[in-house]
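Overview (structure and organization)
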Amino acid sequence: MKNKRYVLSCLIILLTGVIYFAVQSLQKNGTHRANFSGEWKSKESISMGGNIVCCYYSGDRMLAKTMKIAEQVNFLAVEVSSSFPGIAPVTSQEKLVFDGKESESQINHSREWGKKFTVKLSDDGQTMTVNSIVHKMVPTPYHVNVQEQMLVYVTEVWKLSNDGKSISIQTNAKSNLFGGERSWKTLFDKSN
């Protein structure tokens, strides 16, 4: 009877040790989720790299050279201060929710200008993709009084570097009024 208890106790201790080491090894080898939180600076804004209209108003995230990001469980809160040359900077916040559902915002508080976008975080948590469609009314070439709708399709792929000190944003954009697709990369370095 004593031998059975001794053997059972040894098996329990051995099984506990095996489970402990298995859990520890899974934690070390598990995927590390990227953390985009912090203050980030770039030499140029996201919109300037592609020579296509990707920024739409002062305070637009695409126009900013500095971003302050607070990452939450299901979204990023991005605060920026930006403006066009010669105009006072405007501070704004944008919430990028990872649910893949379409969000919509009006630009310049106008029904004629707006943006629809979706945000998706990759399964491994290392990459975020923002797909936007912006619509705005613009003058027709050679007919200033005639307006037509311009659609701009923008895809941003945000990737945090392995050391967590920079974010590279690969951007692709195209418009229904301008031929071809443009592609460029913007690098933001962590400043805090």
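Source: prediction; values computed, not measured.

Quick notes on the pattern of salt bridges
Scanning all chains against the criterion turns up three salt bridges. Linking glutamate 156 and arginine 61 is a salt bridge whose minimum nitrogen-to-oxygen distance equals 2.7 Å. In this pair, glutamate 156 sits in strand β8 (residues 143-160) while arginine 61 sits in the loop between β1 (38-41) and β2 (66-71), placing the two residues 95 residues apart along the sequence. Considered together, glutamate 156 and arginine 61 belong to a single accessibility category, that of buried residues. Measuring nitrogen to oxygen at the nearest pair gives 3.1 Å for the salt bridge that ties glutamate 94 to lysine 115.

A look at the nonpolar core
Residues Ile69, Met128, Trp158 and Ile167 are the most contacted members of the largest nonpolar core, which totals 28 residues. Of all elements in the fold, only β2, β3 (75-82), β6 (110-121), β7 (127-140), β8, β9 (166-175) and β10 (181-190) reach the threshold of two or more residues within this core. It is β8 that provides the largest number of residues to this core, a total of five residues. Those residues in contact with methionine 128 that sit more than four places away from it in its chain are Phe36, Leu76, Leu96, Phe98, Val119, Lys120, Leu121, Glu156, Val157 and Trp158.

Some details on the confidence of the model for the protein
Any region with low pLDDT has predicted coordinates that should not be read closely. Scored by pLDDT, the protein comes out at a mean of 80, with 77% of its residues at no less than 70. Put simply, helix α1 (residues 2-29) is where the protein has its lowest mean pLDDT, 62, and β1 is where it has its highest, 94. When the criterion is pLDDT under 50, residues 27-31 qualifies, and its contacts beyond four places in sequence or with other chains add up to two contacts.

Comments concerning the pairing of β7
The pairing of β7 with β8 spans 14 bridges and is classified as antiparallel. In the strand pairing of β8, threonine 127 is matched with lysine 159. Hairpin connection between β7 and β8: a loop of two residues separates the two successive antiparallel strands, and tyrosine 142 in this loop has a positive phi of roughly 70°.

Focus: the side chain of threonine 186
Residue placement: threonine 186 occurs in strand β10. With a relative accessible area of 2%, threonine 186 lands in the buried category. Ignoring any residue separated from it by four or fewer positions in sequence, one finds threonine 186 in contact with Ser42, Glu44, Ser45, Ile46, Ile167, Ser168 and Ile169.

Some points on the packing of aromatic side chains
Scanning all chains against the criterion turns up one aromatic pair. Consider the rings of phenylalanine 36 and tryptophan 158, whose centres lie 6.3 Å apart with planes at 75°: the pair is edge-to-face. Placement of phenylalanine 36 in the loop between α1 and β1 and of tryptophan 158 in strand β8 is noted, with a sequence separation of 122 residues between them. Here the two residues phenylalanine 36 and tryptophan 158 agree in accessibility, since each one is buried.

Criteria and thresholds
- Residues numbered from 1 in each chain as written.
- Predicted model: local features only at pLDDT ≥ 70, side-chain atom pairs only at ≥ 80, totals over all residues.
- Heavy atoms only, no water.
- Salt bridge = Lys/Arg side-chain N within 4 Å of Asp/Glu carboxyl O.
- Helix = DSSP H or I, 4+ residues; strand = E, 2+ residues; numbered from the N terminus.
- Buried < 20%, exposed > 50% of the residue type's maximum accessible area, 1.4 Å probe, protein only.
- Core = buried A, V, L, I, M, F, W, Y, C linked by side-chain atoms within 4.5 Å.
- Contact = heavy atoms within 4.5 Å.
- pLDDT = per-residue confidence, 0-100.
- Pairing = 2+ DSSP bridges.
- Phe/Tyr/Trp six-rings, centres within 6.5 Å; stacked < 30°, edge-to-face > 60°.

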